[in-house]
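Close look at the chain arrangement
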Amino acid sequence: MSDTRLALLSRRMALGAIGLLLPSARAQAQNQGASYPSRPLQFVVGYAAGGTGDVFARIVAERLRAPLGQNVVVENRSGATGTIAAQFVARSAPDGYTILLGQTPEVAIAPRFLANPTYDPVTDLVPVALVANATLGLVVNAASPIRSVAELFAEARKRPGRLSFASSGTGTPGHFGAETLALRGGVPMVHVPYRGAAPALTDLLGGHVDFFFSGLPAAIPHVREGRLRLLAVSTAKRVPAVPETPTVQEGGVPDFDFSLWTGLFAPAGTPEPVVRRLNEETNRIIAEPVVRDRIVQEGGDVLANTPEEFRAFIARELTKYTGVIAATGVKPE
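Now for a description of the structure that goes with this document. (Residues numbered from 1 in each chain as written. Predicted model: local features only at pLDDT ≥ 70, side-chain atom pairs only at ≥ 80, totals over all residues. Heavy atoms only, no water.)

Details of the nonpolar core
- Counting 49 residues, the largest nonpolar core has L181, M189, F211, F213 and W261 as its most contacted members.
- Counting residues per element, this core draws most heavily on helix α13 (residues 307-328), which supplies seven residues.
- Sequence-distant contacts of M189, that is, excluding residues within four places in its chain, are made with L152, F153, A156, L163, F165, A182 and F211.
- Counting 33 residues, the second-largest nonpolar core is a separate cluster that includes V60, L64, V72 and Y97. (Core = buried A, V, L, I, M, F, W, Y, C linked by side-chain atoms within 4.5 Å. Buried < 20%, exposed > 50% of the residue type's maximum accessible area, 1.4 Å probe, protein only. Helix = DSSP H or I, 4+ residues; strand = E, 2+ residues; numbered from the N terminus. Contact = heavy atoms within 4.5 Å.)

So, the pairing of strand β4 (residues 125-141)
- Burial analysis of β4 places 17 of its 17 residues in the buried class, the great majority of the element.
- Bridge count for β4 against strand β9 (residues 259-267) is nine bridges, and the pairing is antiparallel. Within the sheet, the bridge partner assigned to A134 lies in β9 and is L260.
- Bridge count for β4 against strand β10 (residues 300-302) is three bridges, and the pairing is antiparallel. Bridging from a neighbouring strand, A134 pairs with G300 of β10.
- Pairing geometry for β4 and strand β7 (residues 211-215), over four bridges, is antiparallel. Looking across to β7, one finds that G137 is bridged to S214.
- Summarising the sheet, β4 and strand β8 (residues 228-233) pair through five bridges and their orientation is antiparallel. When the sheet's bridge partners are listed, V139 is paired in β8 with L230. (Pairing = 2+ DSSP bridges.)

Some points on helix α8 (residues 173-185)
- Counted at 1.5 Å a residue, the expected span for α8 with its 13 residues is 18 Å, and the 18 Å between its end C-alpha atoms agrees.
- Most of α8 is tucked away: 11 of the 13 residues are buried.
- Among all positions of α8, only P173, G174, H175, F176, G177, A178, E179, T180, L181, A182 and G185 are buried.
- In the stretch just after α8, G186 is the one whose phi turns positive, near 65°. (Expected span 1.5 Å × (residues − 1).)

Thoughts on the environment of V74
- Mapped onto the elements of the fold, V74 is located in strand β2 (residues 72-76).
- Along the primary structure V74 and F43 are separated by 31 residues, whereas in three dimensions their C-alpha atoms are 4.7 Å apart.
- In this view, V74 contacts F43, V45, D54, A57, R58 and A61; residues no more than four positions away in its chain are not counted.

Here's the deal with unusual backbone geometry
- The omega torsion across Y36 and P37 is 0°, close enough to zero to call that bond cis.
- Residue placement: P37 occurs in the loop between α2 (23-30) and β1 (41-45).
- One non-glycine residue, A80, lies in the positive phi region at around 55°.
- You can see A80 is positioned in the loop between β2 and α4 (83-90).

With respect to the pattern of salt bridges
- Evaluated as defined, the whole model comprises 14 salt bridges.
- The salt bridge partner of D95 is R39, with a shortest N-O separation of 3.0 Å. Residue D95 is located in the loop between α4 and β3 (98-103), and its partner R39 is located in the loop between α2 and β1; the two are separated by 56 residues in the primary sequence.
- Here E75 makes a salt bridge to R77, at a shortest N to O gap of 2.8 Å.
- For E75, a relative accessible area of 23% corresponds to the partly exposed category.
- The network of salt bridges with common partners includes R63, R277, E281, R284 and E288. (Salt bridge = Lys/Arg side-chain N within 4 Å of Asp/Glu carboxyl O.)

Focus on the layout of surface pockets
- Of the voids in this model, the largest pocket is the one considered here, and its volume is about 220 Å³.
- Taken together, 16 residues make up the lining of the largest pocket; nearest its centre are N133, T235, A236, D257 and S259.
- Counting only elements with at least two residues in the lining of the largest pocket, the list comes to β4, β9 and α13.
- Per-element accounting of the lining of the largest pocket gives the leading share, three residues, to α13.
- Among the residues forming the lining of the largest pocket, the class breakdown is six nonpolar, four polar and six charged.
- By volume, the second largest pocket amounts to about 160 Å³.
- Taken together, A80, T81, T83, P105, I109, A110, F113, L114, T170, G171, P332 and E333 make up the lining of the second largest pocket.
- With four residues, helix α5 (residues 104-113) is the largest single contributor of residues to the lining of the second largest pocket.
- Each residue belonging to the lining of the second largest pocket can be placed in one class, and the counts come to seven nonpolar, four polar and one charged. (1 Å grid on protein atoms, 1.4 Å probe; cavity = no way out; pocket = protein on both sides within 12 Å on 5 of 7 lines; lining within 4 Å. Points joined across faces, edges and corners; volume = space filled by probe spheres on them. Nonpolar A, V, L, I, M, F, W, Y, C, P; charged D, E, K, R; others polar.)

No statement about biological role is implied by the geometric values presented.
In structure tokens form, the structure reads like this:
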């Protein structure tokens, strides 16, 4: 038996054992109905405070407290490009009290990118609600001479193999976006991974790396303060938060479309009434004008939908990144 099959078998046996040890939690949740929740909830984020996922987690957590009648605590479990948090939630009691604020890397990329993933988002996590889709912003230090995508390519050709880019971690959309730029431009660039957007932005602000595809919610405050320069956005269309900023496609790179979406996930086995309650409350919250406007101002789009629609969306993203991983030839570091 291969190492990969052994790893998957061990993971499934471990999750099965956890399920056997938690029958009371599952039975209690099945019978909760309208009484859920009866104690505080924990939102687990796989990145450092200040990043895109953290921003959206705190927006939703803050607004969920009133309708749920319970406190919603945000816990940052950063590391391994969000997979530490995803694994933690996948192995938690399926009672609706431990929720993953999951993003593209740990849900749509890692399962196809890592040689031995420790969880399967399709079988170990339940999609609850897709919260927002954040555009990535191609940003440089305000002191940088680079002022456009074309100038970034020109600078890379002047310094082949020396122009550096930060990422929120290996295997993130920003990482693959920059690798795609290098591939399309035909010039090597240096990848410098970090444990989230916040430390990556810190080093970009300090002049230690040349550019970064950051989630707009994390980058916009620095852009508005004049400390960073926003060259382009990563999606196929311009975004309302920065309507004057061109897309990377407009900068001369066709078929370039990367984003960082955020959604809620529960452990597999979480009762459907609990999932539906969280989905309905989350959709109601992000439909509120004050919340919708805040997400848009942060550079995101509101993407309310059902758990079934969210599951189908994830399937499409898994297929997309399988192709991106193959095209770039990027390997785990």
